[in-house]
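What follows is each chain in one-letter form.
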Amino acid sequence: RTRKGFYFGKEPSKYIRQIPYAYATLKRLKKNYKLALVSNCSRRTIEHALKTAKIKEHIFDYIISTDLIHKPKPSPEGILFLAKKAKQKKRSEVK
């Protein structure tokens, strides 16, 4: 059951743990790169997971969830959707 927020079952916090130095690493990467999160979870589940792991959502330039795509991983749809979004944003910044 990986669609629409059911991946972690009824107790998502039970399965989510903060990885040491993960947020610090993301902050360091953010200085030089655009960051994206592509997940098989719903936006709501992603938000909960990030909060539980103490990772601020704004660290990511893009968050792609199953709310935005129809075929979850391993389908490339999420990555292709991200590429399209990033290209559109880049065009709008040039104006």
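Here, every reference points to the structure presented above.
Residues numbered from 1 in each chain as written. Predicted model: local features only at pLDDT ≥ 70, side-chain atom pairs only at ≥ 80, totals over all residues. Heavy atoms only, no water.

Engineer: Go over a positive patch on the surface with me, naming the residues and quoting the values.
Structural biologist: On the surface, a cluster of positive charge is contributed by Lys27, Arg28, Lys31 and Lys56. With respect to the helices and strands, Lys31 occurs in the loop between helix H1 (22-30) and strand E1 (36-38). Classification of Lys31 as exposed rests on a relative accessible area of 68%. (Patch = residues over 30% accessible without salt bridge, like charges linked within 9 Å, V, L, I, M, F, W, Y side chains within 5 Å. Areas by Shrake-Rupley, 256 points an atom, 1.4 Å probe, with all protein chains shown as cover. Salt bridge = Lys/Arg side-chain N within 4 Å of Asp/Glu carboxyl O. Lys, Arg positive; Asp, Glu negative; His and termini not counted. Charge placed at Lys NZ, Arg CZ, Asp CG, Glu CD. Helix = DSSP H or I, 4+ residues; strand = E, 2+ residues; numbered from the N terminus. Buried < 20%, exposed > 50% of the residue type's maximum accessible area, 1.4 Å probe, protein only.)

Engineer: An account of unusual backbone geometry is requested, with residue identities and associated values reported.
Structural biologist: With omega at 15°, the peptide bond leading from Lys73 into Pro74 counts as cis. Here Pro74 shows up in the loop between strand E2 (62-64) and helix H3 (77-94). Even without being a glycine, Tyr21 presents a positive backbone phi close to 70°. Inspection of the secondary structure assignment puts Tyr21 in the segment before H1. Classification of Tyr21 by relative accessible area gives exposed; the value is 70%. Despite not being glycine, Lys54 shows a phi value in the positive range, around 60°. The residue Lys54 is located in the loop between helix H2 (43-52) and E2 in this model. Residue Lys54 is classed as exposed on the basis of its relative accessible area, which comes to 58%.

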